[in-house]
Amino acid sequence: MLRLHNTLTRAEEQLQPAEDMLVRLYTCGPTVYDYAHIGNFRTFVFQDLLCRYLRYRGYQVRHVMNITDVDDRIIQNSKALGIPLKEYTTRYTEAFLEDSRKLRILPPDIMPLATDHIPEMVQLIRRLEEKGYTYRRSGIQPGARVDADRYEKDEARDFVLWKAAKEGEDFWETELGPGRPGWHIECSAMSMKYLGETFDIHCGGVDLIFPHHENEIAQSECATDKPFVRYWVHPEFLIVEGEKMSKSLGNFFTLRDLLAKEHRPEAIRHLLLSVHYRKQLNFTADGLHQAHSALNRLENFSLRMSEKADSSDPCPSFFEQVRLAREKFIEAMDDDLNTSAALGVLFEFVSTTFKMLDQGSLSGGDARTALGFAREADQVFDVMPEQQTLLDSQIHQKIEERLAARRRRDFAEADRIRDWLLSQGIQLEDTREGTRWKRLH
Ligand code: AMP
Ligand code: ZN
């Protein structure tokens, strides 16, 4: 059973979704005022790993991630550039999605935009208002917020639910009056709309615990009188020279900065996943270098195993070795997603298998099984080279080419084509009736 550290209880707990094998998951998405930096992507890649591992363990996941497409910085920046808010946020939302694709982050099932959910937020604020939890300042905004906003508030712990329209800024005409939502109310309104008033897991970086997530709990539970979220999971910071990577400190890299320096996105993904999520990840050139080496090793493994693989059965002892490695892999991941331990299991397995190959004690069936396990672990980590899936028509064409090579007695070429197909997981068998083929994985 998967155990997760729950920030709410400050303890590791067994995950038990409210409904059988369905996990309802909400992750706080990006604020699209600029490119996301690699620190933000540590959090997003972790959230992707959580989703993938839940699926690997047989859960169905309904993943909702919002896009915060209205806030002070967005308004300021779009005004400074003289372009409409929507045009500005679309630009950075697309950049975020493109970067996410490069990092192999699977898209969430639902990705709501804050600006598409103003009525839901207004309705939630009205519920709070009816129950007497809010107050209005300057005529229209109920509640007040802790940080630097220039709105009056009765107490430091209050926060703004709705901000009154200001001269020259974007606003929505609503029954609360003209204005725009505060950040916290967004996530409560959208998560409850798509996942229900109580759902299973809520994620975000540790900097969101307070005030963002505490405020989400306060406003959601006051409105519904139900527990809001059952498990809160917060990945730690990515840091640079001892400090949190952040836009305001100026110590950040975007994914684009790193790709421009010829770093591979899979290596960056590997680096981001190599440290347990509850530990800070110190981002260094050396770490990136090591991630590249790890990736090369996996690629080399994948290549050499596909060369060696055939469809014979693995030896019982090797099969047992794979079974044990899988068990240890799952044990590490079940232990609060201990990715560094799980990768340790995988790389140890790779080393022993390479050793067997070099000693000539690895059979074709063993190689196929070994590759199968590495690919299975990679369903969760997704750093290995994409598996080329050849279309049937492409396979038939290659078989024709091989036949032609044989007819002109170019056996070297014929063998080359056969080996190449095998490296792509396609095994040929020459029979009296002609060449048959099958897929190995
Ligand atoms: P934002 O776009 O600022 O709302 O941040 C998006 C996500 O990135 C949030 O979950 C933050 O908690 C997270 N985040 C921000 N800085 C870092 C960092 N240095 N390391 C890891 N996660 C971060
Ligand atoms: Zn949020």
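Rules and cut-offs
Residues numbered from 1 in each chain as written. Chains lettered and ligands numbered in written order. Predicted model: local features only at pLDDT ≥ 70, side-chain atom pairs only at ≥ 80, totals over all residues. Heavy atoms only, no water. Axes fitted to C-alpha atoms, helices over the stretch in contact; angles between N-to-C directions. Helix = DSSP H or I, 4+ residues; strand = E, 2+ residues; numbered from the N terminus. Parallel < 35°, antiparallel > 145°, perpendicular 65-115°, else oblique. Left-handed = near helix turned anticlockwise from the far one by under 90°. Contact = heavy atoms within 4.5 Å. Nonpolar A, V, L, I, M, F, W, Y, C, P; charged D, E, K, R; others polar. Domains from an automatic or database assignment. Donors = N, O, S within 2.8 Å, 3.2 Å for Na, K, Ca; no water. Buried < 20%, exposed > 50% of the residue type's maximum accessible area, 1.4 Å probe, protein only. Near = heavy atom within 4 Å. Polar contact = N/O pair within 3.5 Å; in protein donor to acceptor, adjacent residues only side chain to side chain. Areas by Shrake-Rupley, 256 points an atom, 1.4 Å probe, with all protein chains shown as cover. Pairing = 2+ DSSP bridges.

J.: Sorry, what's going on with the packing of helix α5 (residues 183-195) against helix α6 (residues 209-224) here?
T.: Helices that pack against each other are described as a pair by the angle of their axes relative to one another and the distance between those axes. Where α5 contacts α6, the two axes come as close as 9 Å, and the packing angle between them is 55°. Our classification of the angle between α5 and α6 gives oblique. In the crossing of α5 with α6, the sense of the turn from one axis to the other is right-handed. Along its contact with α5, which presents W183, H184, I185, C187, S188 and M192, the element α6 presents P211, H212, N215, E216, Q219, S220 and T224. Across the contact of α5 with α6, the residue classes break down as five nonpolar, seven polar and one charged.

J.: What's the story with the domain arrangement of the protein in this structure? I'm lost.
T.: Interface extent is often summarised as the accessible area lost during association of the parts. Along its sequence, the protein is organised into domain 1 (3-235), domain 2 (240-381) and domain 3 (392-439). Here domain 1 and domain 3 have C-alpha centroids that lie 55 Å from each other.

J.: In this structure, what is going on with the coordination of the zinc ion (ligand 2)? I would like to understand it.
T.: In an ideal octahedron of six donors the angles at the metal are 90 or 180 degrees, and in an ideal tetrahedron of four donors they are 109.5 degrees. Protein-derived ligands of the zinc ion (ligand 2) are C28 (SG), C187 (SG) and H212 (NE2), with the metal-ligand distances lying across 2.1 to 2.2 Å. Positions of the donor residues of the zinc ion (ligand 2), expressed as sequence spacing, correspond to C-x158-C-x24-H. Pair noted here: C187 is in helix α5 and H212 is in helix α6, with a separation of 25 residues, a long-range link. For H212, a relative accessible area of 0% puts it in the buried group.

J.: Sorry, what's going on with the site of ligand 1 here?
T.: The environment of ligand 1 is made up of 17 residues, and the closest members are G39, T43, D207, L238 and M245. A distance of 3.0 Å separates an oxygen atom of ligand 1 from a polar backbone atom of T31. A distance of 3.0 Å separates an oxygen atom of ligand 1 from a polar atom in the backbone of G205. Contact with the protein chains hides 91% of the accessible area of ligand 1, taken as 500 Å² for the molecule alone. Examining the composition of the shell around ligand 1, we find that four residues originate from one element, helix α1 (residues 38-56), more than from any other. Residue composition of the shell around ligand 1, grouped by class: six nonpolar, eight polar and three charged.

J.: Whenever I open this one, the sheet that holds strand β10 (residues 229-233) confuses me. Can you help?
T.: Across a sheet, strands are paired by hydrogen bonds formed along the backbone, either parallel or antiparallel in direction. Pairing in this open sheet of four strands is parallel, and the strands run β4-β3-β9-β10 from one edge to the other. Edge positions in the sheet fall to β4 (60-65) and β10, since each has one partner strand and no second. Here the average twist between neighbouring strands, direction ignored, is 25°. Where strand β9 (residues 199-203) and β10 come together, four bridges link them in parallel fashion. Residue pairing for β10: F199 is matched across the bridge by V229.

J.: Explanation requested: unusual backbone geometry in the structure shown.
T.: Excluding glycine, most residues fall at negative phi; most peptide bonds, likewise, are trans. In this chain, F210 is followed by P211 through a cis amide linkage whose omega measures 0°. The backbone of E241 sits at a positive phi, close to 45°, despite the residue not being glycine. Among the secondary structure elements, E241 is positioned in the loop between β11 (238-240) and β12 (243-244). E241 sits in the exposed class, given a relative accessible area of 76%. The backbone of E262 shows a phi angle near 70°, a positive value even though the residue is not glycine. You can see E262 is positioned in the loop between α7 (255-260) and α8 (265-273).

J.: Honestly, the side chain of Q219 in this entry has me stumped. Any pointers?
T.: Structurally, the position occupied by Q219 is in helix α6. Using a relative accessible area of 2% as the deciding quantity, one classes Q219 as buried. In contact with Q219, not counting residues within four places along its chain, are L128, F159, L161, H184, I185 and S188.

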